[in-house]
Amino acid sequence: MTTPGTPRIPVRHRALGDHTWQDQAACNPTEHNPVDPETFFPGPEDTDRIATAKALCAQCPVARACLDAALEAGDTHGVRGGLTEEQREPLHTRIAERLDHSRVNDTLAGRDIHLTKAERRAVVIAAHRHDVPVDRLARLLKITDEHALKLYRETRRAIRHRRIAENAGRTAGELGRTAFGTAA
């Protein structure tokens, strides 16, 4: 959360196969930053080491990338992205449903980033709404043109079925009001 007047730092998502963010991590030991990597693997009762690890993560410019990497890789050990193993556990179980619209927008803009299943579906829907050509969608999602075309067909079908259901619901509601009005 930012305070009024404070510039908002845009989120930079990791590109596929990009590990360069690790060079900027506060936990990366250097000559001028002698960090003990074991600090980030405390026991569950070692509250001092947990607090130290979290304090370092709070200063880290790539904490978000670290957390994303841990969740996407299924890494369940140590403090990552400022969260302990226990704090990340519910996020691990829901990672496939994560829907971060900034990730969807970055993908549509051509960034090559990790996407969850929900985010991939959102990319297809947004691409469909913005008339993105099939071959571009295929490149964005790294799939064949045929698969992209199939996803567009499924999306059109789902939209059509949703509209039919909405219209049926409105019609049923209007019929109910009419019937109620005549019975009174």
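No experiment lies behind these values; they were computed from the predicted model shown.

Rules of the game
Residues numbered from 1 in each chain as written. Predicted model: local features only at pLDDT ≥ 70, side-chain atom pairs only at ≥ 80, totals over all residues. Heavy atoms only, no water. pLDDT = per-residue confidence, 0-100. Helix = DSSP H or I, 4+ residues; strand = E, 2+ residues; numbered from the N terminus. Axes fitted to C-alpha atoms, helices over the stretch in contact; angles between N-to-C directions. Parallel < 35°, antiparallel > 145°, perpendicular 65-115°, else oblique. Left-handed = near helix turned anticlockwise from the far one by under 90°. Contact = heavy atoms within 4.5 Å. Expected span 1.5 Å × (residues − 1). Buried < 20%, exposed > 50% of the residue type's maximum accessible area, 1.4 Å probe, protein only. Arc of directions from axis to C-beta. Salt bridge = Lys/Arg side-chain N within 4 Å of Asp/Glu carboxyl O.

Asker: Which residues make up the confidence of the model for the chain, and what values do they have?
Answerer: Mean pLDDT over the chain: 84, with 84% of residues reaching 70 or higher. Per-element mean pLDDT across the chain ranges from 80 in helix α7 (residues 145-183) up to 96 in helix α6 (residues 134-141).

Asker: Go over the packing of helix α4 (residues 101-108) against helix α5 (residues 117-129), please, and point to the residues and values.
Answerer: Closest axis-to-axis distance for the α4/α5 pair is 9 Å, and the angle between their directions is 55°. Considered as vectors, α4 and α5 are oriented oblique to each other. Considering only the axes of α4 and α5, their crossing is right-handed. Each of Arg 103, Val 104, Thr 107 and Leu 108 in α4 lies in contact with α5, whose residues at this interface are Glu 119, Ala 122, Val 123, Ala 126 and Ala 127.

Asker: Quick one: what's the story with helix α1 (residues 47-59), residue by residue and with numbers?
Answerer: Between its first and last C-alpha, α1 extends 19 Å over 13 residues, near the 18 Å set by a 1.5 Å rise per residue. Taken together, the buried positions of α1 are occupied by Ile 50, Ala 53 and Cys 57. The arc enclosing the buried residues of α1, seen along the axis, measures out at 65°, which places them on a common side. In α1, the exposed residues that point more than 90 degrees away from the buried face are Asp 48, Ala 58 and Gln 59. Looking at the packing, one finds that the buried side of α1 touches α2 (63-73).

Asker: I'd like a description of the pattern of salt bridges, backed by residues and values.
Answerer: Scanning all chains against the criterion turns up 13 salt bridges. A salt bridge links Arg 98 to Asp 68; its shortest N-O distance comes to 3.4 Å. Placement of the pair is Arg 98 in the loop between α3 (85-93) and α4 and Asp 68 in helix α2, with a sequence separation of 30 residues. For Asp 68, a relative accessible area of 6% translates into the label buried. Glu 72 is paired through a salt bridge with Arg 103; the nearest N and O atoms lie 2.9 Å apart. Taken as a pair, Glu 72 in helix α2 and Arg 103 in helix α4 lie far apart in primary sequence, 31 residues in all. Taking the relative accessible area as the measure of exposure, Arg 103 reaches 1% and is therefore buried. In the salt-bridge network here, residues are joined through shared partners; they are Arg 64, Asp 68, Glu 72, Arg 98, Asp 100, Arg 103 and Glu 119.

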